[in-house]
Amino acid sequence: MINLLTRTVMMGTPLLYGATAEVIAERTGMMVTAIEGIFLVGAWAGFVGAYLSGSLSVGFLFAIIAGVILAALYGWICVYLKQHQVVTGTAINILAAGLCSFLYRVIFGVPITPLTVSPLPSIPIPLLSKIPVIGEIFFDQNILTYIIYFLAPLAYFVLYKTSIGLTIRSAGENPEAVDVAGINVYTVRFLTVLLAGAMGGVAGAFYSLGYLGMFATNIIGGRGWIAFAICFLGNWNPKGAVAGTLAFGFAEAVAIYMQSIGGVAFLPNELFIAVPYILTIVLTIFRKSFNVPAKLGLPYIKENY
């Protein structure tokens with residue numbers, strides 16, 4: 001059980017990066033539906049950078065840059081050209097899937113055996129990691145896990161306790177008021193999309209560099225969409241995002257564990273693989289109320305106000 005809970009925290013890490021970034025962006029009205037593609041280019045660029053340079057740090061830098069570039073494309077089309085956010089995100093996700101597969105073959109050809117790098121090691125925190133049960137679960141993780149569990153409370157503090165957070169939330173609730181106050185709504189929205197790109201790139205690189213140590217075109221497997229759903233299910237709040245990622249992390253940890261032991265005789269392995277996605281559907285159906293930002297998904301057009 002301790003190993004299962006330790007894996008829960010680990011598998012929830014990339015989802016929390018994506019969900020926290022999505023919360024911040026959607027609070028400004030930007031529904032970053034390109035998140036799946038951002039995760040994928042982060043995984044691809046992170047692996048390519050790490051493999052070619054021999055440095056995981058370079059890999060994560062590449063992942064951030066790739067995520068920001070894809071997010072900038074999405075932000076430019078949706079914020080400044082005012083195009084449909086869902087349609088644009090879907091198109092970019094398809095573009096990312098094809099582009100990553102193509103460029104991987106261009107750079108590495110078709111390897112007979114999978115190319116690999118050494119994934120991020122765990123870093124036990126002195127003293128804290130020795131605490132029975134809790135220490136092993138929370139304080140014997142890799143650096144990305146420690147960082148996101150610092151960033152998530154920080155995101156909550158910024159959103160709800162600072163003037164910057166008020167501006168972010170107002171851009172999604174009452175953008176004309178933000179404009180009247182002399183703040184550029186387009187800039188606020190575009191910057192939060194770029195932040196989502198950077199964090200999404202790190203989240204994607206977690207799978208290739210922090211967990212598997214390799215890249216495959218199906219490495220993300222819809223987890224970007226799970227992070228997107230956690231934002232909704234967490235009611236656009238970083239606290240809800242943390243709770244949601246732990247729930248989904250547990251579901252994925254159970255699925256991996258059941259596959260590793262060969263599953264249950266009368267249940268196919270595919271059922272356990274589908275557990276996180278089934279959980280997404282079930283929780284969405286039974287969610288009673290949503291505190292949706294008033295202008296979520298809607299472009300800001302000054303002439304309409």
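For the structure, check the block above.
Structure report, in brief. Please read all numbers here as calculations on a predicted model, not as lab measurements.

A word on the overall build of the protein. Secondary structure summary: the protein contains 13 helices and 2 strands in total. Compactness check: the protein gives a C-alpha radius of gyration of 19 Å against a globular reference of 19 Å for 305 residues, within 12% of the reference. Projected onto its principal axes, the C-alpha positions of the protein cover 60 × 45 × 45 Å. A total of 305 residues make up the protein; the buried ones form 48% of that total. Long-range contacts, defined here as pairs at least 24 residues apart, represent 77% of the contacts in the protein between residues at least 6 apart. About 14,100 Å² of surface is accessible on the protein, with carbon and sulfur atoms providing 71% of the total. Within the protein, one finds 14 positive and 11 negative side-chain charges whose respective centroids are separated by 4 Å.

With respect to the helices and strands, the residue Glu22 is situated in helix H1 (residues 2-27). When sequence neighbours within four positions are dropped, the list of residues in contact with Glu22 reads Met30, Met31, Val32, Ile35, Phe228 and Cys231.

What follows deals with the packing of H1 against helix H11 (residues 238-260). The interhelical angle for the contact between H1 and H11, taken along N-to-C directions, is 140 degrees, at an axis separation of 6 Å. When the axis of H1 is compared with that of H11, the two are oblique. Pair H1 / H11 crosses with right-handed handedness. Split into classes, the residues belonging to the contact of H1 with H11 amount to 18 nonpolar, 4 polar and 2 charged.

With that settled, consider the nonpolar core. In terms of nonpolar packing, the biggest core is built from 74 residues, with Tyr74 and Phe215 touching the most fellow members. Every element with two or more residues in this core is listed here: H1, helix H2 (35-53), helix H3 (56-80), helix H4 (85-108), helix H6 (143-161), helix H9 (185-211), helix H10 (223-233) and H11. Discounting chain neighbours no more than four positions away, the residues touching Tyr74 are Met30, Met31, Val32, Thr33, Ala34, Gln85, Thr88, Gly89, Ile92 and Val193.

Glancing now at H2. An α-helix turns once every 3.6 residues. As a result, residues three or four positions apart point the same way. An ideal rise of 1.5 Å per residue puts 27 Å on 19 residues; H2 measures up with 26 Å between its terminal C-alpha atoms. Of all the 19 residues making up H2, 16 are buried; the element is thus mostly covered by neighbouring parts of the structure. One or two residues past the end of H2 sits Gly54, with phi positive at roughly 80 degrees.

With that settled, the discussion passes to the packing of aromatic side chains. Scanning all chains against the criterion turns up 14 aromatic pairs. Judged by centre distance (5.3 Å) and plane angle (90 degrees), the ring pair of Tyr51 and Phe108 falls under edge-to-face. With Tyr51 in helix H2 and Phe108 in helix H4, the pair connects residues that are 57 residues apart, well separated along the chain. With a relative accessible area of 16%, Phe108 lands in the buried category. On the numbers, 6.1 Å between centres and 90 degrees between planes, the contact of Phe206 with Tyr207 is edge-to-face. Its relative accessible area of 1% is what places Tyr207 among the buried residues. Three or more aromatic residues joined by ring pairs form one cluster here, namely Phe47, Tyr51, Tyr104, Phe108 and Phe215.

The rules behind each value
Residues numbered from 1 in each chain as written. Predicted model: local features only at pLDDT ≥ 70, side-chain atom pairs only at ≥ 80, totals over all residues. Heavy atoms only, no water. Helix = DSSP H or I, 4+ residues; strand = E, 2+ residues; numbered from the N terminus. Rg over C-alpha atoms; globule rule 2.2 N^0.38 Å. Buried < 20%, exposed > 50% of the residue type's maximum accessible area, 1.4 Å probe, protein only. Contact = heavy atoms within 4.5 Å. Areas by Shrake-Rupley, 256 points an atom, 1.4 Å probe, with all protein chains shown as cover. Lys, Arg positive; Asp, Glu negative; His and termini not counted. Charge placed at Lys NZ, Arg CZ, Asp CG, Glu CD. Axes fitted to C-alpha atoms, helices over the stretch in contact; angles between N-to-C directions. Parallel < 35°, antiparallel > 145°, perpendicular 65-115°, else oblique. Left-handed = near helix turned anticlockwise from the far one by under 90°. Nonpolar A, V, L, I, M, F, W, Y, C, P; charged D, E, K, R; others polar. Core = buried A, V, L, I, M, F, W, Y, C linked by side-chain atoms within 4.5 Å. Expected span 1.5 Å × (residues − 1). Phe/Tyr/Trp six-rings, centres within 6.5 Å; stacked < 30°, edge-to-face > 60°.

Fair warning: the whole summary comes from geometry, so function is off the table for now.
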